[in-house]
Amino acid sequence: MASLGDLERSVMELLWSSDDARTANELRDALALQSGDEGRMVATTTVLTVLSRLERKGFVTRTRERRPHRYQALLSREEHTAELMHEVLDRASDRDAALARFVGTVSDGEAATLRRLLDELVRR
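Not measured: the values here are computed from a predicted model.

About the thresholds
Residues numbered from 1 in each chain as written. Predicted model: local features only at pLDDT ≥ 70, side-chain atom pairs only at ≥ 80, totals over all residues. Heavy atoms only, no water. Helix = DSSP H or I, 4+ residues; strand = E, 2+ residues; numbered from the N terminus. Rg over C-alpha atoms; globule rule 2.2 N^0.38 Å. Contact = heavy atoms within 4.5 Å. Areas by Shrake-Rupley, 256 points an atom, 1.4 Å probe, with all protein chains shown as cover. Patch = residues over 30% accessible without salt bridge, like charges linked within 9 Å, V, L, I, M, F, W, Y side chains within 5 Å. Salt bridge = Lys/Arg side-chain N within 4 Å of Asp/Glu carboxyl O. Buried < 20%, exposed > 50% of the residue type's maximum accessible area, 1.4 Å probe, protein only. Axes fitted to C-alpha atoms, helices over the stretch in contact; angles between N-to-C directions. Parallel < 35°, antiparallel > 145°, perpendicular 65-115°, else oblique. Nonpolar A, V, L, I, M, F, W, Y, C, P; charged D, E, K, R; others polar. Polar contact = N/O pair within 3.5 Å; in protein donor to acceptor, adjacent residues only side chain to side chain. Pairing = 2+ DSSP bridges.

Enquirer: Outline the overall build of the protein chain, supporting the account with residue identities and numerical values.
Expert: What the protein chain contains, in helices and strands, is six helices and two strands. For the protein chain, the N- to C-terminal ordering of α and β elements is α-α-α-β-β-α-α-α. Expected size for 124 residues packed as a compact globule is a radius of gyration near 14 Å; at 18 Å, the protein chain overshoots this value by more than 25%. Expressed along its principal axes, the backbone C-alpha trace of the protein chain runs to roughly 50 × 30 × 30 Å. In the protein chain, the share of contacts with a sequence separation of at least 24, taken over all contacts with a separation of at least 6, comes to 49%. With an accessible surface of roughly 8700 Å², the protein chain has 50% of that area assigned to carbon and sulfur atoms.

Enquirer: Requested: an account of a nonpolar patch on the surface, with residues and values cited.
Expert: Residues Met85, Phe102, Val103, Leu114, Leu118 and Leu121 make up a contiguous nonpolar surface patch of roughly 540 Å² in combined accessible area. Listed by contribution, the elements that provide at least two residues to the nonpolar patch are helix H5 (95-103) and helix H6 (108-123). Counting residues per element, the nonpolar patch draws most heavily on H6, which supplies three residues. Tracing the backbone shows Leu121 in helix H6. Under the relative-accessibility criterion, Leu121 is labelled partly exposed at 48%.

Enquirer: Break down the packing of helix H2 (residues 24-35) against helix H3 (residues 44-57) for me, citing the residues and quoting the values.
Expert: Put simply, H2 and H3 touch, their axes get as near as 9 Å, and they point 110° apart. The pairing of H2 with H3 is recorded here as roughly perpendicular in orientation. Contacts between H2 and H3 involve Ala24, Asn25, Leu27, Arg28 and Leu31 on the former and, on the latter, Thr44, Val47, Leu48 and Leu51. Split by residue class, the contact of H2 with H3 holds six nonpolar, two polar and one charged.

Enquirer: So what's going on with the side chain of Arg28? Residues and values would help.
Expert: As for its position among the elements, Arg28 is in helix H2. Within the structure, Arg28 has its side chain in polar contact with the side chain of Asn25 (distance 3.1 Å).

Enquirer: Describe in detail the pairing of strand E1 (residues 60-63), supporting the description with residues and values.
Expert: Where E1 and strand E2 (residues 70-73) come together, four bridges link them in antiparallel fashion. Paired with Arg62 across the two strands is Tyr71, which belongs to E2. The hairpin formed by E1 and E2 contains six residues between the paired strands.

Enquirer: Talk me through the pattern of salt bridges; I want residue IDs and the actual numbers.
Expert: Counted according to the given criterion, the structure contains 12 salt bridges. Where Asp6 meets Arg9, a salt bridge forms, and the shortest distance between an N and an O atom there is 3.1 Å. Remark: Arg9 and Asp6 occur in helix H1 (residues 6-16); sequence separation between them is three residues, near one turn of the helix. With its nearest N and O atoms 3.5 Å apart, the salt bridge here joins Glu26 to Arg70. Here Arg70 lies in strand E2 and Glu26 lies in helix H2, a separation of 44 residues in the sequence. Owing to a relative accessible area of 31%, Glu26 belongs among the partly exposed residues under this scheme. Each of Glu8, Arg53 and Lys57 takes part in salt bridges that share partners, so that together they form one network.

Below you can see the structure in the form of structure tokens.
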């Protein structure tokens, strides 16, 4: 899975935080509100270019039944994060060492969550 640039990440954050598919204009307006500078809005064509790239990368889907097209994230934020974690582990020359290093850096609460999730996995 490809990494995201700043504008791509901002668009994905908006899509992840929305229950519904969004148009490029809605995303442009939301980006302007986020930046706090509606006078320097990102152009709709720029948002459409970003959405096109995200669609090619497999991050978003486009509904074409009506215009304007609506865009929605294909994966949840959590699913995307899990895929990134797998991608990084797949690149490690020593997967066990990478996992050990990761586990050694988690907080007590995160360790408890990992224990619980692993116990649930074993019980399946």
